[in-house]
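Chain residues, written in single-letter form:
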Amino acid sequence: MEQKEMDQVMQKASVLIEALPYIQKFNRKIIVVKYGGSAMSNEELQRNVIKDVTLLKLVGFKPIIVHGGGKAISKWVGKVGKEARFVNGLRVTDEETMEIAEMVLGRVNKNLVTMVEELGVKAVGISGKDGGLLKVDKKYADGQDIGFVGDIKEVDPKVLYDLLEKDFLPIVAPVGLDDDFNTYNINADDAACAIAKAVGADKLVFLTDIEGLYKDINDKSSFISRLTAGQAEELINGGIIGGGMLPKLNNCTSAIRNGVNRVHILDGRVPHCLLLEIFTNEGVGTAIISDDEEV
Ligand SMILES: Nc1ncnc2c1ncn2[C@@H]1O[C@H](COP(=O)(O)OP(=O)(O)O)[C@@H](O)[C@H]1O
Ligand SMILES: CC(=O)N[C@@H](CCC(=O)OP(=O)(O)O)C(=O)O
């Protein structure tokens, strides 16, 4: 074998060896992956993400995917001549919008299931309605009525435990029911966080369309690779964080305060960012850690 080929083989072997302690550490551990609509822009991107999650499953982790689809919902809302409206990052959801959102999320869900199945792993796509997974109350945004938007009040994780026990990969769409069995639209970050807390996930990973958290989004040098839940709260209270990052960061701190060991915000557009974060020493993106850990 030539030296160049030998080096390549050694490089491949060292990647696998570096992964070994992480494979051991997370064996049988639950990892909730929130896959945001912003990082679903094309099929190749989706296939890469699905490959990573499937690999996690095959090496012994227990991943659960909670997906969004905000961009696709807005596209279809536009097609019926409506304008998509948001208050504090939450979609104003009238009856017709709810109908569209449930249909679109159902399609996104089954597309992801198909991609996992194509890789030879058994996936089951559900929404928060199935098995009573997500029970909601109506949510208001700053006192405003925003329609059928759900505030998760209860999670019954039994259906997820049953699926994991039978070795299925659960894929969850963010739709739930209230006490009167009305259908509600749930922000997918909220759904992922509530599920991660309820199943005692070891990790919660948000795959989005930005490298991670910036102190100042207009200043690339202000990237934050690691911060405690307390520091995240300071940033939130300081009014620096905007857009869809606000509910995400609120959910990150809530997850850490409620028993999830690590929360990561990663750029889902970067191929295999999930594997890099979990299996390499460097890590990528932003990690939110508990207050008693060192930054
Ligand atoms: N301080 C910040 N750091 C990083 N992103 C931010 C910040 N403030 C606002 N954002 C915005 O948050 C967006 C991610 O949230 P969102 O669009 O809801 O993604 P997803 O669909 O993945 O949930 C980023 O694209 C970015 O424009
Ligand atoms: C209430 C609310 O805002 N629901 C979201 C649900 C989908 C979602 O959260 O998708 P992303 O993760 O891609 O943003 C919506 O209708 O857009």
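The structure displayed is predicted, hence computed values, not measured ones.

A.B. asks: What am I meant to see in the overall build of the protein chain here?
C.D. replies: What the protein chain contains, in helices and strands, is nine helices and 16 strands. Overall size of the protein chain, expressed as C-alpha extent along the three principal axes, is 65 × 45 × 35 Å. Taking the intrachain contacts of the protein chain between residues at least 6 apart in sequence as the baseline, contacts between residues at least 24 apart amount to 73%. As displayed, the protein chain offers around 14,400 Å² of accessible surface, 50% of which is attributable to carbon and sulfur atoms. Positive and negative side-chain charges in the protein chain, numbering 35 and 44 respectively, have mean positions lying 3 Å apart.

A.B. asks: For this particular structure, what's the right way to read the pairing of strand β7 (residues 144-155)?
C.D. replies: A regular strand places its side chains on the two faces of the sheet in alternate fashion. Relative to β7, strand β6 (residues 134-141) runs antiparallel, the two being bridged by seven bridges. Bridge pairing in β7 places Val136 opposite Ile152. The turn joining β6 and β7, which pair antiparallel and follow one another in sequence, is formed by two residues; a positive phi near 50° is taken by Asp142.

A.B. asks: What's the story with the layout of surface pockets in this structure? I'm lost.
C.D. replies: Think of a ball as big as a water molecule: rolled over the atoms, this probe shows where empty space is left. Approximately 770 Å³ is the volume attributed to the largest pocket. If you go around the largest pocket, you meet 38 residues; those closest to its centre are Ser38, Asn187, Asp189, Gly244 and Lys248. Put simply, the parts of the chain that give the lining of the largest pocket at least two residues each are α3 (70-79), β4 (90-91), α6 (188-198), β11 (203-208), β12 (213-214) and α8 (245-257). No other element matches the four residues that α3 contributes to the lining of the largest pocket. Taken together, the residues that form the lining of the largest pocket break down as 17 nonpolar, 14 polar and seven charged. Taken as a whole, the second largest pocket spans an internal volume of roughly 510 Å³. What lines the second largest pocket is a set of 18 residues, among which Ala72, Lys75, Trp76, Val108 and Asn111 lie closest to the centre. Of all the elements, helix α4 (residues 95-118) adds the most residues to the lining of the second largest pocket, at eight residues. Looking at the lining of the second largest pocket residue by residue, the classes come out as nine nonpolar, five polar and four charged.

A.B. asks: Explanation requested: the site of ligand 2 in the structure shown.
C.D. replies: Around ligand 2 sit 15 residues in total, of which Lys34, Gly37, Arg91, Asn185 and Ala188 are the nearest. A distance of 2.5 Å separates an oxygen atom of ligand 2 from a polar atom in the side chain of Lys34. Contacts to ligand 2 include Gly37, whose backbone N or O atom sits 2.7 Å from an oxygen atom. In isolation ligand 2 offers 430 Å² of accessible surface; the protein chains occlude 90% of this area. Assessed atom by atom at 2 Å from the grid points, ligand 2 resides in the largest pocket.

A.B. asks: What is the right way to read the UniProt feature "site: Transition state stabilizer" (unreviewed entry) in the protein chain from this model?
C.D. replies: UniProt tags Lys34 and Lys248 as "site: Transition state stabilizer" (unreviewed entry). For this annotated set, covering 215 residues, all C-alpha atoms fall within 10.2 Å of each other, a compact arrangement in space. Of the annotated set, the members that line the largest pocket are Lys34 and Lys248. Along the chain, Lys34 turns up in strand β1 (residues 30-35). On the accessibility criterion, Lys34 (7% relative accessible area) is buried. The buried category is assigned to Lys248, whose relative accessible area is 7%. Non-local contacts of Lys248, meaning those with residues more than four positions away in its chain, are made with Lys34, Asp189, Phe206 and Thr208. A distance of 3.0 Å separates polar atoms of two side chains, one belonging to Lys248 and the other to Asp189.

A.B. asks: Please explain the packing of aromatic side chains as it appears in this structure.
C.D. replies: The geometry of two aromatic rings is summed up by the distance between their centres and the angle between their planes. Inspection of the entire model under this criterion finds four aromatic pairs. Considering the side-chain rings of Tyr214 and Phe223, the 5.3 Å spacing of their centres and the 70° angle between planes classify their relative orientation as edge-to-face. In this structure Phe223 comes out as partly exposed when scored by relative accessible area, which is 30%. Joined through ring pairs, the aromatic side chains of Phe26, Phe61 and Phe279 make up one cluster. We note Lys79 situated over the ring of Trp76; from NZ or CZ to the ring centre the distance is 4.2 Å. One cation-aromatic arrangement involves Lys138 over Tyr140; the distance from NZ or CZ to the ring centre is 5.3 Å.

What counts and how
- Residues numbered from 1 in each chain as written.
- Chains lettered and ligands numbered in written order.
- Predicted model: local features only at pLDDT ≥ 70, side-chain atom pairs only at ≥ 80, totals over all residues.
- Heavy atoms only, no water.
- Helix = DSSP H or I, 4+ residues; strand = E, 2+ residues; numbered from the N terminus.
- Contact = heavy atoms within 4.5 Å.
- Areas by Shrake-Rupley, 256 points an atom, 1.4 Å probe, with all protein chains shown as cover.
- Lys, Arg positive; Asp, Glu negative; His and termini not counted.
- Charge placed at Lys NZ, Arg CZ, Asp CG, Glu CD.
- Pairing = 2+ DSSP bridges.
- 1 Å grid on protein atoms, 1.4 Å probe; cavity = no way out; pocket = protein on both sides within 12 Å on 5 of 7 lines; lining within 4 Å.
- Points joined across faces, edges and corners; volume = space filled by probe spheres on them.
- Nonpolar A, V, L, I, M, F, W, Y, C, P; charged D, E, K, R; others polar.
- Near = heavy atom within 4 Å.
- Polar contact = N/O pair within 3.5 Å; in protein donor to acceptor, adjacent residues only side chain to side chain.
- Sits in = over half its atoms within 2 Å of the grid points.
- UniProt positions renumbered as here; feature names shortened; annotations may be inferred.
- Buried < 20%, exposed > 50% of the residue type's maximum accessible area, 1.4 Å probe, protein only.
- Phe/Tyr/Trp six-rings, centres within 6.5 Å; stacked < 30°, edge-to-face > 60°.
- Lys NZ or Arg CZ within 6 Å of the ring centre and 35° of its normal.

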